[in-house]
Amino acid sequence: MMKTLNLFYRWLLPAVFTCLITACHTSNSAHENLNGKFAIIQMGDFSRSQLEDVNAQINFQDFPASKISFGCNHIAFHSQTDATHKLELLNIRTTMMYCQDNVQNQMEQYFGDHAERVNRYQIHGDELRLLQDNNLIITAMKLTR
């Protein structure tokens, strides 16, 4: 019995604490690459010029609370990620202002139709890609300001 307790206190207990500390650190830092504001430069069939005209942005600064904007309405959502770059966009909600610009309405519709399909992300330098498996949904560049 004493030998079993000694084994527990000397090896097993420290190993469990090490795993717990590592898991907590990973879950807290998994979103660090996402932290910030990004200008959307590619999304569906919209041109980069159209996206720039409405100042299309995705914002992860207050992670897990996140939002996207196409100039008229703001769409808020909850982001959930892990160290393997899995990403879920949950609890999507939007302001309901009337937008005279039909392109803004189409952008909002596109995001609404695709947001729940996003299941992972990639970071390449300052470029963020939101994907559904290997299908690109959004490409954005990190804003420096």
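Residues numbered from 1 in each chain as written. Predicted model: local features only at pLDDT ≥ 70, side-chain atom pairs only at ≥ 80, totals over all residues. Heavy atoms only, no water.

Peer 1: Whenever I open this one, the overall build of the protein chain confuses me. Can you help?
Peer 2: Along the backbone of the protein chain there are three helices and eight strands. The linear arrangement of helices and strands in the protein chain, starting from the amino end, is α-β-α-β-β-β-β-α-β-β-β. In the protein chain, buried positions account for 34% of the 145 residues. Restricting to contacts in the protein chain with at least 6 residues of sequence separation, those with at least 24 account for 47%. Accessible surface computed for the protein chain: about 9300 Å², of which carbon and sulfur atoms make up 53%. (Helix = DSSP H or I, 4+ residues; strand = E, 2+ residues; numbered from the N terminus. Buried < 20%, exposed > 50% of the residue type's maximum accessible area, 1.4 Å probe, protein only. Contact = heavy atoms within 4.5 Å. Areas by Shrake-Rupley, 256 points an atom, 1.4 Å probe, with all protein chains shown as cover.)

Peer 1: Got a minute to help me understand the pattern of salt bridges in this structure?
Peer 2: It is possible for side chains of opposite charge to pair when their charged atoms get near one another. Summed over all chains, the structure comprises two salt bridges. Across the pair E52 and R48 runs a salt bridge, and its minimum N-O distance is 3.2 Å. Placement of the pair is E52 and R48 together in helix α2 (residues 48–53), with a separation of four residues, close to one helical turn. The class of R48 is partly exposed, set by a relative accessible area of 46%. A salt bridge links R129 to E127; its shortest N-O distance comes to 2.7 Å. The class for R129 is partly exposed, based on a relative accessible area of 28%. (Salt bridge = Lys/Arg side-chain N within 4 Å of Asp/Glu carboxyl O.)

Peer 1: When you look at unusual backbone geometry in this model, what are you seeing that I'm missing?
Peer 2: Leaving glycine aside, a negative phi is the common case for residues, and trans is the common case for peptide bonds. Between F63 and the following residue, P64, the backbone shows a cis peptide bond with an omega angle of 10°. In this structure, H85 takes a positive phi of about 70° despite not being glycine. Positionally, H85 belongs in the loop between β4 (74–81) and β5 (87–94).

Peer 1: What is the right way to look at the pairing of β5 in this model?
Peer 2: For a regular strand, side chains alternate in direction, first toward one face of the sheet and then toward the other. Two strands pair when backbone bridges link them, and β4 and β5 are joined in this way by six bridges, in the antiparallel orientation. Among the inter-strand pairings, T81 is bridged to a residue of β5, identified as L87. (Pairing = 2+ DSSP bridges.)

Peer 1: Help me out: how do you make sense of helix α3 (residues 102–114) in this one?
Peer 2: One full turn of an α-helix is made of 3.6 residues, so residues set three or four places apart face in the same direction. Between the first and last C-alpha of α3 there are 18 Å, a value that for 13 residues agrees with the 18 Å anticipated at 1.5 Å per step. Taken residue by residue, α3 has Q104, M107, E108, Y110, F111 and H114 as its buried positions. Buried residues of α3, viewed axially, fall in a sector of 160°; they line one side. The inward-facing, buried residues of α3 contact β1 (37–43), α2, β3 (65–69), β4, β5 and β8 (135–142). (Expected span 1.5 Å × (residues − 1). Arc of directions from axis to C-beta.)

Peer 1: Could you clarify how one ought to interpret the pairing of β4 in this entry?
Peer 2: What you see with β4 is a clean split: I75, F77, S79 and T81 sit on the buried side and H74, A76, H78 and Q80 on the side with no burial. Bridge count between β3 and β4: five bridges; the pairing is antiparallel. Paired with A65 across the strands is H78, a residue of β4. What sits between β4 and β5 in their antiparallel hairpin is a turn of five residues, with H85 showing a positive phi close to 70°.

Peer 1: Please clarify how the nonpolar core should be interpreted in this entry.
Peer 2: Across soluble globular proteins, nonpolar side chains show a tendency to be buried alongside one another. Counting residues in each nonpolar core, the largest one holds 28 residues, and the members touching the most others are I40, M43, I58, I68, F70 and F111. Residue assignment for this core shows that the elements contributing at least two residues are β1, β4, β5, α3, β7 (127–132) and β8. In this structure, I68 is in contact with I40, Q57, I58, N73, H74, I75, F77, F111 and I138, ignoring residues within four places of it in sequence. (Core = buried A, V, L, I, M, F, W, Y, C linked by side-chain atoms within 4.5 Å.)

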